[in-house]
8 protein chains.
Amino acid sequence: MACDRTREILEGVASGRVSVDDAMLGLRMMPFEDLGFAKVDHHREVRQGVPEVVYGAGKTADQISSIVSAMLDRGVRTVLVTRLDGDKASEVARTVPLRFDHVSRIGVAGEVPGPGTTGCITVVSAGTSDMPVAEEAAVTAEVLGNRVVRVYDVGVAGIHRLLSHSDELMSSRVVIAVAGMEGALASVVGGIVDCPVIAVPTSVGYGASFGGLAALLTMMNSCASGVGVVNIDNGFGAGYLASMINRMGPPE
Amino acid sequence: MACDRTREILEGVASGRVSVDDAMLGLRMMPFEDLGFAKVDHHREVRQGVPEVVYGAGKTADQISSIVSAMLDRGVRTVLVTRLDGDKASEVARTVPLRFDHVSRIGVAGEVPGPGTTGCITVVSAGTSDMPVAEEAAVTAEVLGNRVVRVYDVGVAGIHRLLSHSDELMSSRVVIAVAGMEGALASVVGGIVDCPVIAVPTSVGYGASFGGLAALLTMMNSCASGVGVVNIDNGFGAGYLASMINRMGPPE
Amino acid sequence: MACDRTREILEGVASGRVSVDDAMLGLRMMPFEDLGFAKVDHHREVRQGVPEVVYGAGKTADQISSIVSAMLDRGVRTVLVTRLDGDKASEVARTVPLRFDHVSRIGVAGEVPGPGTTGCITVVSAGTSDMPVAEEAAVTAEVLGNRVVRVYDVGVAGIHRLLSHSDELMSSRVVIAVAGMEGALASVVGGIVDCPVIAVPTSVGYGASFGGLAALLTMMNSCASGVGVVNIDNGFGAGYLASMINRMGPPE
Amino acid sequence: MACDRTREILEGVASGRVSVDDAMLGLRMMPFEDLGFAKVDHHREVRQGVPEVVYGAGKTADQISSIVSAMLDRGVRTVLVTRLDGDKASEVARTVPLRFDHVSRIGVAGEVPGPGTTGCITVVSAGTSDMPVAEEAAVTAEVLGNRVVRVYDVGVAGIHRLLSHSDELMSSRVVIAVAGMEGALASVVGGIVDCPVIAVPTSVGYGASFGGLAALLTMMNSCASGVGVVNIDNGFGAGYLASMINRMGPPE
Amino acid sequence: MACDRTREILEGVASGRVSVDDAMLGLRMMPFEDLGFAKVDHHREVRQGVPEVVYGAGKTADQISSIVSAMLDRGVRTVLVTRLDGDKASEVARTVPLRFDHVSRIGVAGEVPGPGTTGCITVVSAGTSDMPVAEEAAVTAEVLGNRVVRVYDVGVAGIHRLLSHSDELMSSRVVIAVAGMEGALASVVGGIVDCPVIAVPTSVGYGASFGGLAALLTMMNSCASGVGVVNIDNGFGAGYLASMINRMGPPE
Amino acid sequence: MACDRTREILEGVASGRVSVDDAMLGLRMMPFEDLGFAKVDHHREVRQGVPEVVYGAGKTADQISSIVSAMLDRGVRTVLVTRLDGDKASEVARTVPLRFDHVSRIGVAGEVPGPGTTGCITVVSAGTSDMPVAEEAAVTAEVLGNRVVRVYDVGVAGIHRLLSHSDELMSSRVVIAVAGMEGALASVVGGIVDCPVIAVPTSVGYGASFGGLAALLTMMNSCASGVGVVNIDNGFGAGYLASMINRMGPPE
Amino acid sequence: MACDRTREILEGVASGRVSVDDAMLGLRMMPFEDLGFAKVDHHREVRQGVPEVVYGAGKTADQISSIVSAMLDRGVRTVLVTRLDGDKASEVARTVPLRFDHVSRIGVAGEVPGPGTTGCITVVSAGTSDMPVAEEAAVTAEVLGNRVVRVYDVGVAGIHRLLSHSDELMSSRVVIAVAGMEGALASVVGGIVDCPVIAVPTSVGYGASFGGLAALLTMMNSCASGVGVVNIDNGFGAGYLASMINRMGPPE
Amino acid sequence: MACDRTREILEGVASGRVSVDDAMLGLRMMPFEDLGFAKVDHHREVRQGVPEVVYGAGKTADQISSIVSAMLDRGVRTVLVTRLDGDKASEVARTVPLRFDHVSRIGVAGEVPGPGTTGCITVVSAGTSDMPVAEEAAVTAEVLGNRVVRVYDVGVAGIHRLLSHSDELMSSRVVIAVAGMEGALASVVGGIVDCPVIAVPTSVGYGASFGGLAALLTMMNSCASGVGVVNIDNGFGAGYLASMINRMGPPE
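Residues numbered from 1 in each chain as written. Chains lettered and ligands numbered in written order. Predicted model: local features only at pLDDT ≥ 70, side-chain atom pairs only at ≥ 80, totals over all residues. Heavy atoms only, no water.

Trainee: What am I meant to see in a negative patch on the surface here?
Mentor: Residues and elements named next belong to chain A. Taken together, the side chains of Asp-62, Asp-85, Asp-87 and Glu-91 make up a negatively charged region of the molecular surface. Summarising the element assignment, Asp-62 is placed in helix H4 (residues 61–73). Here Asp-62 falls in the exposed class, since its relative accessible area comes to 57%. (Patch = residues over 30% accessible without salt bridge, like charges linked within 9 Å, V, L, I, M, F, W, Y side chains within 5 Å. Areas by Shrake-Rupley, 256 points an atom, 1.4 Å probe, with all protein chains shown as cover. Salt bridge = Lys/Arg side-chain N within 4 Å of Asp/Glu carboxyl O. Lys, Arg positive; Asp, Glu negative; His and termini not counted. Charge placed at Lys NZ, Arg CZ, Asp CG, Glu CD. Helix = DSSP H or I, 4+ residues; strand = E, 2+ residues; numbered from the N terminus. Buried < 20%, exposed > 50% of the residue type's maximum accessible area, 1.4 Å probe, protein only.)

Trainee: Looking at this model, I keep getting lost on helix H4 (residues 61–73) of chain G. Mind explaining?
Mentor: The α-helix advances 3.6 residues per turn, and as a result positions three or four apart in sequence lie on the same side. Residues and elements named next belong to chain G. When the terminal C-alpha atoms of H4 are compared, their 18 Å separation across 13 residues agrees well with the 18 Å that a helix rising 1.5 Å per residue should span. Among the residues of H4, those classed as buried are Ala-61, Gln-63, Ile-64, Ser-65, Ile-67, Val-68, Ala-70 and Met-71. Gly-75 sits one or two residues past H4 and shows a positive phi near 100°. (Expected span 1.5 Å × (residues − 1).)

Trainee: Is there a simple way to think about the interface of chain A and chain B in this case?
Mentor: For an interface, size is often stated in terms of accessible area lost upon the parts coming together. Counting from both sides, the interface comprises 35 residues of chain A and, opposite them, 35 residues of chain B. At the junction of chain A with chain B, the criterion picks out zero salt bridges. Across the chain A-chain B interface, the total number found is three residue pairs in polar contact (both at pLDDT 80 or more). Sorting the residues of the side of chain A that touches chain B by element identifies helix H3 (43–48), helix H9 (185–192), helix H10 (213–220), strand S11 (227–229) and helix H11 (235–246) of chain A as the ones contributing at least two each. Classifying every residue of the side of chain A that touches chain B by side-chain character gives 18 nonpolar, twelve polar and five charged. (Contact = heavy atoms within 4.5 Å. Polar contact = N/O pair within 3.5 Å; in protein donor to acceptor, adjacent residues only side chain to side chain. Nonpolar A, V, L, I, M, F, W, Y, C, P; charged D, E, K, R; others polar.)

Trainee: Would you explain the pairing of strand S4 (residues 78–82) of chain D in this entry?
Mentor: Regular strands show a simple pattern: their side chains alternate between the two faces of the sheet. All names here are of chain D. The buried fraction of S4 is high, at five of five residues. Here strand S3 (residues 52–55) runs beside S4; their pairing, made up of four bridges, is parallel. Its bridge partner lying in S4, Val-54 is registered against Val-81. Pairing geometry for S4 and strand S6 (residues 106–110), over four bridges, is antiparallel. Bridging across to S6, Val-79 finds its partner in Ala-109. (Pairing = 2+ DSSP bridges.)

Trainee: What is the right way to look at the environment of Val-103 of chain C in this model?
Mentor: With respect to the helices and strands, the residue Val-103 of chain C is situated in the loop between strand S3 (98–101) and strand S4 (106–110). Other than its neighbours up to four places away in sequence, Val-103 of chain C contacts Met-131, Pro-132 and Glu-135 of chain C.

Trainee: Help me out: how do you make sense of the sheet that holds S4 of chain C in this one?
Mentor: Backbone-to-backbone hydrogen bonds pair the strands of a sheet. The strands run either parallel or antiparallel. All names here are of chain C. Pairing is mixed across the open sheet formed by four strands, whose spatial order is S1-S2-S4-S3. Two strands lie at the open edges of the sheet, namely strand S1 (52–55) and S3, each paired on one side alone. When the angles between neighbouring strand axes are averaged without regard to direction, this sheet yields 20°. Examined bridge by bridge, S3 and S4 share four bridges and lie antiparallel to one another. Paired with Arg-99 across the bridge in S4 is Val-108. Sheet contacts for helix H4 (residues 61–73): S1, strand S2 (78–82) and S4; angle to S2, the most-contacted strand, approximately 160°. (Axes fitted to C-alpha atoms, helices over the stretch in contact; angles between N-to-C directions.)

Trainee: Is there a simple way to think about unusual backbone geometry in this case?
Mentor: Most peptide bonds take the trans form, and the phi angle of most residues other than glycine is negative. In the Ramachandran plot, Asp-153 of chain A falls in the positive-phi region, its phi being about 65° despite a non-glycine side chain. Checked against the element boundaries, Asp-153 of chain A lands in the loop between strand S8 (148–151) and helix H7 (159–163). Given the relative accessible area of 10%, Asp-153 of chain A is considered buried. In this model, Asp-233 of chain E sits at a positive phi of 70°, which is unusual for a non-glycine residue. The residue Asp-233 of chain E is located in the loop between strand S9 (227–229) and helix H11 (235–246) in this model. Judged by its relative accessible area of 17%, Asp-233 of chain E falls in the buried class.

Trainee: Any chance you could explain the packing of H4 of chain G against helix H5 (residues 86–95) of chain G here in plain terms?
Mentor: Packed helices, taken two at a time, are described by the angle their axes make and the gap between the axes. Residues and elements named next belong to chain G. Packing of H4 against H5 leaves a shortest axis separation of 9 Å and a crossing angle of 40°. It follows from the interaxial angle that H4 and H5 lie oblique. You can see that H4 and H5 cross each other, and the crossing is right-handed. Counting all contacts with H4, which are made through Ala-61, Ile-64 and Ser-65, the residues of H5 involved are Lys-88, Glu-91, Val-92 and Thr-95. Split into classes, the residues belonging to the contact of H4 with H5 amount to three nonpolar, two polar and two charged. (Parallel < 35°, antiparallel > 145°, perpendicular 65-115°, else oblique. Left-handed = near helix turned anticlockwise from the far one by under 90°.)

Trainee: So what exactly am I meant to see when it comes to the sheet that holds strand S6 (residues 106–110) of chain G here?
Mentor: All names here are of chain G. Strand order in the open sheet made by the four strands is S3-S4-S6-S5, with mixed pairing throughout. For this open sheet the edge positions go to strand S3 (52–55) and strand S5 (98–101), each flanked by a neighbour on one side alone. Averaged over all adjacent pairs, the angle separating strand axes in this sheet is 20°, with direction ignored. Those strands touched by helix H6 (residues 131–143) are strand S4 (78–82), S5 and S6, and its axis lies near 15° from that of S6.

Trainee: Quick question: what am I supposed to make of helix H9 (residues 185–192) of chain C here?
Mentor: Where burial is concerned, most of H9 of chain C is hidden: eight out of the eight residues are buried. Three or more residues of H9 of chain C are buried, namely Leu-185, Ala-186, Ser-187, Val-188, Val-189, Gly-190, Gly-191 and Ile-192 of chain C.

Trainee: For this particular structure, what's the right way to read the relation of the copies chain A and chain B?
Mentor: Copies of the same chain, two in number, are related to each other by a rotation about an axis and a translation along it. Least-squares fitting of chain A to chain B yields an RMSD of 0.1 Å, with the transformation described by 0.0 Å of translation along the axis and a rotation of 180°. Such a turn and shift between the copies fits a two-fold axis. By residue overlap, the copies meet face to face through one surface: 100% of the interface positions of chain A are interface positions in chain B. (Least-squares fit on C-alpha atoms with pLDDT ≥ 70 in both.)

Trainee: Even after reading the chapter, I still don't get the domain arrangement of chain A, so can you show me in this structure?
Mentor: Residue and element names in this part refer to chain A. In terms of domains, chain A is made up of domain 1 (29–110) and domain 2 (120–246). In this assembly, domain 1 packs against domain 2 so that about 1000 Å² is buried in total across both faces, 70% of it on carbon and sulfur atoms. Counting the contacts that link domain 1 with domain 2 gives two salt bridges. With its nearest N and O atoms 3.1 Å apart, the salt bridge here joins Arg-83 to Glu-136. Our enumeration of links across domain 1 and domain 2 arrives at two residue pairs in polar contact (both at pLDDT 80 or more). (Domains from an automatic or database assignment. Buried area = accessible area lost by both parts, 1.4 Å probe.)

Trainee: Hey, could you run me through the environment of Ala-137 of chain D in this one?
Mentor: All names here are of chain D. By the secondary structure assignment, Ala-137 is in helix H6 (residues 131–143). Judged by its relative accessible area of 0%, Ala-137 falls in the buried class. Along the chain, Ala-137 and Leu-241 lie 104 residues apart, while their C-alpha atoms are 9.7 Å from each other. Dropping the residues within four chain positions of it, Ala-137 is found in contact with Ile-176, Gly-235 and Gly-239.

Trainee: Could you clarify how one ought to interpret the side chain of Ser-65 of chain E in this entry?
Mentor: All names here are of chain E. Within the element layout of this structure, Ser-65 appears in helix H4 (residues 61–73). Owing to a relative accessible area of 9%, Ser-65 belongs among the buried residues under this scheme. Aside from chain neighbours lying at most four places away, what touches Ser-65 is Val-92, Thr-95 and Val-96.

Trainee: Please explain the confidence of the model for chain A as it appears in this structure.
Mentor: Atomic detail in the predicted coordinates should be set aside for any region of low pLDDT. For chain A, mean pLDDT is 82; residues scoring 70 or higher make up 84% of the total. For this predicted complex, the interface confidence reaches an ipTM of 0.80, while the overall pTM sits at 0.83. (pLDDT = per-residue confidence, 0-100.)

Trainee: I'm lost on the state of the cysteines in this one. Help?
Mentor: As used in these notes, a disulfide is a covalent bond between sulfur atoms, one from each of two cysteines. On inspection of all chains with the given rule, the structure shows zero disulfides over all chains. Among the cysteines around Cys-195 of chain E, which has no disulfide bond, Cys-120 of chain E carries the closest sulfur, lying 9.2 Å off. (Disulfide = S-S within 2.5 Å.)

Trainee: Hey, could you run me through the pattern of salt bridges in this one?
Mentor: Any two side chains of opposite charge can pair if their charged atoms end up close together. Taken as a whole and assessed by the stated rule, the structure comprises 32 salt bridges over all chains. As a salt-bridge pair, Glu-136 of chain B and Arg-105 of chain B come within 3.9 Å of each other at their nearest N and O atoms. Placement of the pair is Glu-136 of chain B in helix H6 (residues 131–143) and Arg-105 of chain B in the loop between strand S3 (98–101) and strand S4 (106–110), with a sequence separation of 31 residues. Among the residues examined, Glu-136 of chain B registers a relative accessible area of 1% and is labelled buried. Judged by its relative accessible area of 29%, Arg-105 of chain B falls in the partly exposed class. Among the ionic pairs, Arg-150 of chain H bridges to Glu-142 of chain H, the shortest N-O distance being 3.0 Å. Within this structure, Arg-83, Arg-105 and Glu-136 of chain A form a network of salt bridges that share partners.

Trainee: Which parts of the structure should I look at to understand the packing of aromatic side chains?
Mentor: What characterises a pair of aromatic rings is the spacing of the ring centres plus the angle enclosed by the ring planes. Within the structure shown, the criterion is met by 16 aromatic pairs over all chains. With a centroid separation of 5.9 Å and an interplanar angle of 20°, the aromatic rings of Tyr-55 of chain C and Tyr-206 of chain H are classed as stacked. One end of the pair, Tyr-55 of chain C, is in strand S1; the other, Tyr-206 of chain H, is in the loop between strand S10 (197–201) and helix H10 (213–220), on a second chain. Taking relative accessible area as the criterion, Tyr-55 of chain C reaches 32% and is therefore assigned partly exposed. Arg-83 of chain B extends its terminal NZ or CZ atom over the ring of Tyr-206 of chain C, reaching a point 4.3 Å from the ring centre. (Phe/Tyr/Trp six-rings, centres within 6.5 Å; stacked < 30°, edge-to-face > 60°. Lys NZ or Arg CZ within 6 Å of the ring centre and 35° of its normal.)

Trainee: Just to check I follow, could you spell out the packing of helix H6 (residues 131–143) of chain F against helix H11 (residues 235–246) of chain F for this structure?
Mentor: All names here are of chain F. Interhelical geometry of H6 versus H11 gives an angle of 35° and a closest axis separation of 7 Å. By crossing handedness, the relation of H6 to H11 is classed as right-handed. For the pair H6 and H11, contact is made by Val-133, Glu-136, Ala-137, Thr-140 and Ala-141 and by Gly-235, Phe-236, Gly-239 and Tyr-240, respectively.

In structure tokens:
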């Protein structure tokens, strides 16, 4: 695609329709727009085939509104805003139509795709406190068009709870395992299923959990094969990667 | 499948062919065999659909030979032995037919599947010293039946080298990014492609690389979406996970 | 006991049989003997009711022989030497009768108590490479007079292996869970049994296992109740603590 | 017990009273109840013989009330809520009868077992600031039916204070040693008594105490035998494990 | 210069104009003034050829006002106050004329040098949240008399954004690369340009970014040559060092 | 002294004036008093020859008042309360006469010893923000009867400031070096003076100072001989140790 | 330059001399050559104006010889091989003319530029053991055409040694400060000079130096302005960056 | 003294005997001598009143011989070489008369001062493996002219061993406490004695001792007052500092 555009420009040059100077300028300038404080890449939705995502933490409601508006104006169909707190969401919603989910802290502007009907991503979480991260993953996956099954509160300290869901787990195409504290859930799940497992350590815990470091190291060292790990509390990243995998067509 | 076996046993009980005591025993005992020092799980190949893997480091040549023999005797078609050094490989090869690759330090016993012809996993690595880990990933993926493209020595400090391979990268179904030192390769690759990226930090480096910790943290914090991380130097894990993703059929 | 001895001295003083100066000296001097490089505490066997233990690492064969001899001369019935390598064991065995076990690296001098017949300590380990530590725990517990059941190579990545041993686990009085890498075994075992679990992280692993730190943190953060943790690779400590618990009489 | 239930189901199948499908369903579904946000395991009290415990931190008063009510409705006799602050406790107490202890931050709903009369757990703590954690351990042990002796403010920097309590210590069946800062208390206590010692590092301290890490490492490295460590500030875990040990009957 | 002053004093002594005692005193006492709580070094502007800098964090508005006044009274032309929040700035501005920039949190008292017209420092930053640090660097460099070009929001996860600015980058004399999260920007920029790169890790991020540690390690391990790193969030330090380099005359 | 008391008791027993039971009780019980929440050791002032110290952080004003009152009632002449904030100090001062110093956050109850007139402790600090810790050290030393010289704001980045105080430094009997950030002050001072240097790392700094860890490591690694280090921000500990050294009489 | 080449290609396309396909190919393929195990970038010397550098550690003598030969064959005038041990150097020297320096462990193939005559880089080091790193920096700078002054063994614990070299330091255009242990040298030097300081932490030390981490943190936290830090032991990187700065022409 | 020399030079200038140029040169050049690889500071013995010390680790036997010879030639009476292994000691002894102690690994050249007769330093160590570090401290203190008492193998896990030496401890002027593993010895000793305690963490231990870090943190966090800490394994530093304190005269 980037290749196509390059070719188009080169062909323009070859045919004399495009000057050399314009060609050099063209490759660089088109896909950006300057909002004063941030460059929005309208190119990305096309390039990566997914809705645009705005990381809400550390941005003011005004900044978020501006970015989202600019995106919608340029034809982006769906914009996800993650790590959004309720107050900012209300403020943003005054200028931009926004659906907001309090548990996952995700706001969606524009068209909300219906959840997919084929393939299945299962989100498994260890404890009640891990739910915001689990929901960030689940809602992200749903907005990206996937069917999602939730299996929550099934930590390994009561392994029979987890095992009672073996059917859901074994019929998934991708599993997202969300756990804080000791983070052992990913290993156990990885040993049960034969599909990719995306492990999300959470900062839930106290003492020697060191803000999620313990769970992160546990997941990194998982003896189970087929496990990839994302950053602590990064539910969005897990949902996005799981969607990418679930929506793959068959190899050509 | 475990479900099928449970059902089979339950149906045996229902029909009177199987006693209750035998049923209780049956579920637990069949898939194991006791070698004295390690229980080999012949069940796994069926359950997970892949060749059996033996982690060679920390095992003697004798232990490895025994495990591999037992597996082959029970009908496992292919056994991978990872983290095998040359001397142990020679010793193992005396009792078990073993093909050994010096760069990836992988030995293969039994039938070696021809590399796949459809779909494509690209292994990208940052420096010459990362090659053993990159090859562990590449050979693993090949033995598991995937077509593999290698793009080596394309660290981000000379970004044009990496970009000159954009075509290979963008036509991959999965990319494995292998890098030590600062580990920035995964982020850059993740920003170029729109397929899953498996990031492998390596222990290559000195000083503040702290045995791969720097690269691990970099990859964990990647701003690019669609990146999952495996353990430091875990080429096998990356190859295995990439294969799992590449070989997925279309969602039902 | 220390109280009894104090009382005895005070009564000696009261009756005039013991001078004040001798009383002051007496309390301090008796239970020690000076070997030049280490003070052996012959008092401890009496005080704690267990054989004497010598930590072999970092001591020369000569130092070990002298300490063991001095102990046996003073009437200690059984001396355990831990972290002993084969060469040192042979050298020590020239001057002191010593039974040496190569896997657990434990040498026993003096009388070897027969394994106990009542109560049961189960040692569970995750992988083949954890065996030296698991055996250090198991042999320690046996020498201290306990009945020991070994359940090895049952890591959580193949949870069905572990579950097939539920009976042994649930009929134990104490379980010792030995695991490196991600160390999740302790949590899973802790959720199955309703007896104390002693968790032993091991230094087995690579990359982000950081010499056992990952397993240590996992075990520290275990969501399961009833789990106590000892130092990395400290099989002896686990066996000793498990024995202390197993051999408790009923509360008065 | 789980075995009994399996046998019961299998016998139902054998006798024709239970269909195969129902049998498969039965093993998994019965012991759970879905509250919308958390699955309460009514099975656990039976399985582990202790009151149910709810970790209060990170849950709203509403969530706690719902969980506790559901438990009491199902016949659980005693529910402990740990890490509860005063405000939440008042709110919960509006809908559920709750006795609340401000120092240990523990709430108890349902029947409060009288403290036990036989056997003795001694809780030793180093400083005044460690008291909340020490009390969490002590109250937990009392609610679980144990007799508890408190020996507070006996840090090792004034070793004679600790030694003046040798009698209490030496007549305990289990000792819980609670200490922040340098955490040396566990080693000293472990050298005095010949019973199991549960060490609890606390986050009390400043500077290089790094939130309890210093005390945790100290306790991990204790030279004394018979010491098991729980997570930083985990008074509940220590009380629970100590109770498990204290209430053991004699070995069969 | 210090040399000149020493020579001057020695010549005074040689000529008899200065007594030995006065000479000893003179070298030490002149360049200081005691404000009661801090010694202001009026000597430094001369010695290092740059405006005086006051680190505002952890000082009260009163302390800042006193220090700045004292400096201006002694003839310092320009005083920079860094890490100043808006409230303190308003308070300081009541007693000292102060221009305050809200994004960079820098206040300038005294004469503000016009931005330089020759040479060019480019400040590149990865994300919107890195802007305060980037601006601290940019404004510092401008106040020190440099021409500054800003290229913001060009993280490596969208490498084409960065590359579209190759011209600015390659015509810079010094580049300041500001990035949190994985901090890969410095390596990529270092591979594109052939001028010194000052890398500034920021504390922007979450989870395994550990307050900027991940970005710091990444930059330390950069494979690109010509990169020097300053402390996390130290925009001032980067701007100062970049200015020092940019303003160098040709070697003699 | 403890020896004297033991002898006294033993002589009582020898003479028949003291029963054996009373003797056993006597050694342990006398020097303590139970306040309900903390045991005050009236023994310590005698034993160590210094005023009693109460660590104020983490204690309520009520607890502090009770402890201080109890001490004064028992004849302690001077009580230091450290880490006291202004509000608590006011509250304590309602029930106990207390002189409070806002910079060092030290309160003194009872008799305030005049500053000593012989020997000299110099407190050197690197920056204005280190002053609270430096003053905690200085005031502690003064209350303990030492003459104290303060040399503040002499960080090593302007080495001439420090050197201009060489005379004070070289005529000290003990130097306390207080520094955050990079903590290099202790090394430089240690190379100038030939008396003991007590180094105090402070938590002053940002980014890679990691709460004082950087300064702590620097001081630990000091190449200068004669340097001992105390905990981060532990001004009291430094003042106490320095006093102990300064007040030593000549060796017998 | 990359821009020039792009323009050249575009102009070829515009004039019809270059086909579109060739143009697309051309931009990517030219500057690389495939050696089987590593891609050598002949482009870099031109692009960055400096000799080519090969990192010798972790490469075999054969690999080094091949890479160096390929470079010389393509017209690279000077090749530096860093981190080369004596044995490998001898082996490489059999096939490629190589001058080897044992202290800095640097080999130079091809033309060795005479040391520069204008401008001056001073390399300052703290201890004798830091010399290999200091020499790596010094020799690198010399090979890159700079005049280098060495001031070794001037650690801050004997500050007068360092100060006796104030003249050399203050007349430098760039200073490289090399130090292990506590690494305070960079701060002190940074406070003396008014030119850029490149700080190199070394792994020299023991105990709490943690392989150079202590020195790295010290340098990161330096209070002195104008200090940039490179990786632990990275003498080459420091020499390279210093050369880049020293050889800058005046701003246009 | 440095002051005296400065005065002398200034008086020379005042009297016309010394030129200004010579004066400037004089202050800097005299006290150094260039050995090619290290500058020996003959000034230090005078300045600090103690024998010269050479850190032997990381220096060749030749380098050590040259340094020691140069020192003796210049009139230094006693040279200590620390961290010397036996082989190097033999080699050095060929060219320089050297007494070598195998346990402390200290070599002494020149005059060995008889041990002092007044005042007393007690060296206490926890375990047999800590002896080399304890002896480095003890021998250092003896060579510096102090009377030394050794109390070894008295770890806190057998607190009565330590307490039986209360008399030695309480009659010391300085105590050096040497301990690895959990390092609790310093706190307990600090609570017993009322003299300065120098704490030396050692790298003895395994697992979570992390090379002495656990002991270091324990000692840093000691609740006992009057404790200063030196680097891990730094027996020399402790002996030196203890000597400095013990040999202090009374305050003037």
